[in-house]
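Listed below are the residues making up each chain.
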Amino acid sequence: MSPIPKAELHLHIEGTLEPELAFALAERNGVDLPYASRDDLRAAYSFSGLQSFLDLYYSLMAVLRTEDDFADLAHAYLARAREQGVRHAEIFFDPQAHTARGVPLDTVINGLGRALDTAPETYGITTRLIMCFLRDESAESALETFESARPHLHRIAGVGLDSAEVGNPPSAFREVYARARAAGLKCVAHAGEEGPPSYVWEALDVLGVDRVDHGVRSLEDAALVARLVADQVPLTVCPLSNVRLRVYDRLADHPLRLMLDAGLLVTVNSDDPAYFGGYVDDNFTAVRDALGLDEETLRTLARNSFQAAFLDEPTRQAYLAEVDAHRA
Ligand code: ADE
Ligand code: ZN
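Summarised in this report is the structure supplied together with it. (Residues numbered from 1 in each chain as written. Chains lettered and ligands numbered in written order. Predicted model: local features only at pLDDT ≥ 70, side-chain atom pairs only at ≥ 80, totals over all residues. Heavy atoms only, no water.)

1. Details of the overall build of the protein chain
Now for step 1: Broken down by element type, the protein chain carries 16 helices and 8 strands.
Now for step 2: Compactness check: the protein chain gives a C-alpha radius of gyration of 18 Å against a globular reference of 20 Å for 328 residues, within 12% of the reference.
Now for step 3: With the C-alpha coordinates of the protein chain rotated into their principal frame, the extents come out at 50 × 45 × 40 Å.
Now for step 4: Taken over 328 residues, the protein chain has a buried fraction of 58%.
Now for step 5: Of the contacts made within the protein chain by residues no fewer than 6 positions apart, 76% connect residues no fewer than 24 positions apart.
Now for step 6: In the form shown here, the protein chain has an accessible surface area of approximately 12400 Å², with 49% of it arising from carbon and sulfur atoms. (Helix = DSSP H or I, 4+ residues; strand = E, 2+ residues; numbered from the N terminus. Rg over C-alpha atoms; globule rule 2.2 N^0.38 Å. Buried < 20%, exposed > 50% of the residue type's maximum accessible area, 1.4 Å probe, protein only. Contact = heavy atoms within 4.5 Å. Areas by Shrake-Rupley, 256 points an atom, 1.4 Å probe, with all protein chains shown as cover.)

Structure below.
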C-alpha cells in the first residue's frame, strides 16, 4: 500500500544528514570526524535531552561546506520524502549554524535552492524554505541574519526559532519577527517542547506566529489549549523526536490522541529524521501502532498537514482531494 499523501511541516534539513552522507562529505571536504565508522557515529545517537542532541547535531554540520553539499543533502531528503508519501515539504534551515563556521549564507541558500527548484518535477513535491534563528544566540545576531538574507527573500517563505529552548524565551525575538512579517513572511517558532507553556503564549502574543512547532507542553495550561483550539493554531508535533529527546519515556505515553480529542489542529512530522529513528511516514506508523490510531485518524492527520501548510487555496484543495482519494 502506498503511504498516505501528506505535508511535512517540521523538518530541519540539517537533521536529515544520514551517517553515510556525513562520511562521504567529510571525505570530499577533508574534514576529520571523531568517529571511526558510521556505526560508531550511530552508536552516539543516544540523547539525554535536547541539548545533548544539539551538541552532536551542530558538530556534525562541519561536513557541510559547499553549495554542492547543501544540494546533495536536500536531494537525499527529497528522495526519502517521496517514498514516505510527502507531497509538500516546509523545510527549516539554520543559517547561523553555517555562517558561524565561515560558510556564506549564499552558499547555503543557493545549494538548497538548487535542489528544491527540481523538487516538483523530479520528486513530485512542492517545497517552502523556512529560515530559523538560533534562540541561544542574541537577538542582534538574528537581526543581522535577517538583514543579510534580504536579497534571498524571494526564496524564503517564513522564519522560525529553534535550538536550546529552556532559558531562551521567544519574546527576545520580537523585533526580528516584526521585520519578517512586514516583509510578507510567515512566522513559526519552536515552543513548548522542553520549555513551559508561557513560551507558547509568547510565541502567539509577542511573535504573532502562524504555527507552533512542537507545543506539546501546552497541555499543561487549559487556557492555552482553549486559545489554540479557538484560533485553530496548528501544532507541528514530532512523536519519535519527543521520545528520543526524552520529552516522553515511551511513544505509548505520547499525548497525540489527547491533543486531537481536545480539538487541537495537530500535525505529525519528523523533526530530525536521520537522528530520531524515522522519517514522517515512519512517525505515522509508529503512532498508529503505539496509540492504536485507526485509518480515519491517520487521514485526519494527513488532512491537517495540508490545512496547516503555507499553500495557496487551489493547491491545498488539490492535495486534500488526494488524501480523500487515497484508500487503504
Ligand atoms: N533543532 C533541530 N531540532 C530541534 C528541536 N527538536 N528543537 C529545537 N531545535 C532544534
Ligand atoms: Zn524542530
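2. Examining the pairing of strand 1 (residues 6-12)
Now for step 1: Most of strand 1 sits out of view: 7 of its 7 residues are buried.
Now for step 2: Where strand 1 and strand 2 (residues 86-93) come together, 5 bridges link them in parallel fashion. Counterpart to leucine 11 in the pairing with strand 2 is isoleucine 91. (Pairing = 2+ DSSP bridges.)

3. Quick notes on the nonpolar core
Now for step 1: Judged by nonpolar contacts, the single largest core of 108 residues is most densely connected at Tyr77, Phe93, Tyr177, Leu256 and Tyr275.
Now for step 2: The leading source of residues in this core is helix 6 (residues 105-123), at 8 residues.
Now for step 3: Ignoring anything within four residues of it in the chain, the contact list for tyrosine 77 reads Glu8, Leu11, Ile13, Thr16, Val86, Ala89, Ile91 and Tyr279.
Now for step 4: Judged by nonpolar contacts, the second largest core, of 5 residues, contains Phe92, Ile130, Cys132 and Phe310. (Core = buried A, V, L, I, M, F, W, Y, C linked by side-chain atoms within 4.5 Å.)

4. Re the site of ligand 1
Now for step 1: In the vicinity of ligand 1, the contacting residues are His12, Leu50, Phe53, Leu54, Tyr57, Asp162, Ser163, His190, Glu193, His214, Asp271 and Asp272.
Now for step 2: Between ligand 1 and histidine 12, the relevant distance is 3.4 Å, taken from a nitrogen atom to a side-chain nitrogen or oxygen of the residue.
Now for step 3: Note that a nitrogen atom of ligand 1 is positioned 2.7 Å from one of the side-chain N or O atoms of aspartate 271.
Now for step 4: Expressed as a share of its isolated accessible area of 260 Å², the protein-covered part of ligand 1 is 100%.
Now for step 5: More than half of the atoms of ligand 1 fall within 2 Å of the grid points belonging to the largest cavity.
Now for step 6: For the shell around ligand 1, the element with the highest residue contribution is helix 3 (residues 50-60), accounting for 4 residues.
Now for step 7: When its residues are assigned to classes, the shell around ligand 1 shows 4 nonpolar, 4 polar and 4 charged. (Near = heavy atom within 4 Å. Polar contact = N/O pair within 3.5 Å; in protein donor to acceptor, adjacent residues only side chain to side chain. 1 Å grid on protein atoms, 1.4 Å probe; cavity = no way out; pocket = protein on both sides within 12 Å on 5 of 7 lines; lining within 4 Å. Sits in = over half its atoms within 2 Å of the grid points. Nonpolar A, V, L, I, M, F, W, Y, C, P; charged D, E, K, R; others polar.)

5. Looking at the sheet that holds strand 1
Now for step 1: The strand order across the open sheet formed by 8 strands is 1-2-3-4-5-6-7-8, and the pairing between neighbours is parallel. Sheet topology places strand 1 and strand 8 (265-268) at the edges, where each strand pairs with a single neighbour. For this sheet, the mean angle separating the axes of adjacent strands, direction not counted, is 25°.
Now for step 2: Across 6 bridges, strand 2 lies against strand 3 (residues 126-134) in parallel orientation. The partner of isoleucine 91 across the bridge, within strand 3, is leucine 129. (Axes fitted to C-alpha atoms, helices over the stretch in contact; angles between N-to-C directions.)

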